[in-house]
Amino acid sequence: MEEPQRRIRAHYTASTITVYQAYSPEIGTPAVHQGRFSAGWKRDRMTWIKPSFLWMMYRCGWGTKAGQETVLAVEIARDGFEWALRNACLSSYVRGVHPDRATWQRRLKRAPTRVQWDPERDLHLRPLPYRSLQLGLSGEAARRYADEWTVSISDVTPLAHEIHAHVGSGDLDAATRLLPQERPYPAGDELTAHLRS
């Protein structure tokens, strides 16, 4: 079956969805130990969450990039995630989605969340011909994410390194078996209808 051009693919349960972020150990390690983001995590900054594990690996270089050495799997409430989608604006102007650039700019300024559709990645981190969601949270959304939506935080850096080692040795079957099982997110199309170009 052919993949749609834009789709939310994620590991999720009946009540939670897992998103990924990468931080320096100074931020990531306390978050894992406390199961929540500490006071050192800036709630007044835009933070980007990614439901796609392989897109996160592309972004953080399998946990090797400076300041991104600790890869976190953050399990959040689905109702929070869906609130973020309903209140999102595309991060860039798209003719046909927005009436005009000025209208988009006004929406973007007011929106607590923004969406980017980035090329999904394969095990070699090469771009695939379809896109996955990246969700930026600011203001109220960032605070809700840190203080209300977060259910658990796990360190998946060892998993990232293990999968990367299998890819490096050419054992793609072993690498694939270790990947988080991501499926199309239910109702994702309805939730993102206003966020498609």
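The structure presented is a predicted model; accordingly, all values stated were derived computationally and were not measured.

### Here's the deal with the nonpolar core
At step 1: Ranked by internal contacts, the top residues of the largest apolar core, which has 34 residues, are Phe37, Ile76, Phe81, Val115, Leu135, Leu137 and Tyr145.
At step 2: Only β2 (16–23), β4 (70–77), α3 (78–86), β5 (88–90), β6 (113–121), β7 (127–137) and α5 (140–149) provide two or more residues apiece to this core.
At step 3: No other element matches α5, which puts 5 residues into this core.
At step 4: Residues contacting phenylalanine 37, with those up to four places away along its chain left out, are Gln21, Tyr23, Ala31, Arg43, Leu72, Val74, Tyr145, Ala146, Thr150 and Ile153.
At step 5: In this structure, Ala22, Ala73, Ile163 and Leu179 belong to the second largest nonpolar core, which totals 18 residues.

### A word on the sheet that holds β4
At step 1: Across the sheet, which stays open at both edges, the 3 strands sit in the order β2-β4-β8 with antiparallel pairing between neighbours. Two strands bound the open sheet, and with one partner strand each, they are β2 and β8 (150–155). Each strand of the sheet is rotated relative to its neighbour by a mean of 25°, with strand direction disregarded.
At step 2: Judged from the 5 bridges that link them, β4 and β8 form a sheet pairing that is antiparallel. Across the sheet, alanine 73 pairs through a bridge with serine 154, a residue of β8.
At step 3: In the packing of helix α1 (residues 25–34) onto the sheet, contacts are made with β2, β4 and β8, and the angle to β4 comes to roughly 45°.

### A few points about the packing of aromatic side chains
At step 1: Applying the stated rule across the entire model yields 9 aromatic pairs.
At step 2: Centroid distance tryptophan 41 to tyrosine 145: 6.0 Å. Interplanar angle 50°. Geometry classified as tilted. Here tyrosine 145 lies in helix α5 and tryptophan 41 lies in the loop between α1 and β3 (47–49), a separation of 104 residues in the sequence.
At step 3: Judged by its relative accessible area of 4%, tryptophan 41 is buried.
At step 4: Of the residues examined, tyrosine 145 reaches a relative accessible area of 0% and is grouped as buried.
At step 5: Following the ring pairs from residue to residue traces out a cluster consisting of Tyr23, Phe37, Trp41 and Tyr145.
At step 6: For arginine 121, the ring lying beneath its charged end belongs to tyrosine 58, and the centroid distance is 3.5 Å.
At step 7: In this arrangement the basic side chain of arginine 144 is found over the ring face of tryptophan 83, its NZ or CZ atom lying 4.3 Å from the centre.

Calculation rules
Residues numbered from 1 in each chain as written. Predicted model: local features only at pLDDT ≥ 70, side-chain atom pairs only at ≥ 80, totals over all residues. Heavy atoms only, no water. Core = buried A, V, L, I, M, F, W, Y, C linked by side-chain atoms within 4.5 Å. Buried < 20%, exposed > 50% of the residue type's maximum accessible area, 1.4 Å probe, protein only. Helix = DSSP H or I, 4+ residues; strand = E, 2+ residues; numbered from the N terminus. Contact = heavy atoms within 4.5 Å. Pairing = 2+ DSSP bridges. Axes fitted to C-alpha atoms, helices over the stretch in contact; angles between N-to-C directions. Phe/Tyr/Trp six-rings, centres within 6.5 Å; stacked < 30°, edge-to-face > 60°. Lys NZ or Arg CZ within 6 Å of the ring centre and 35° of its normal.

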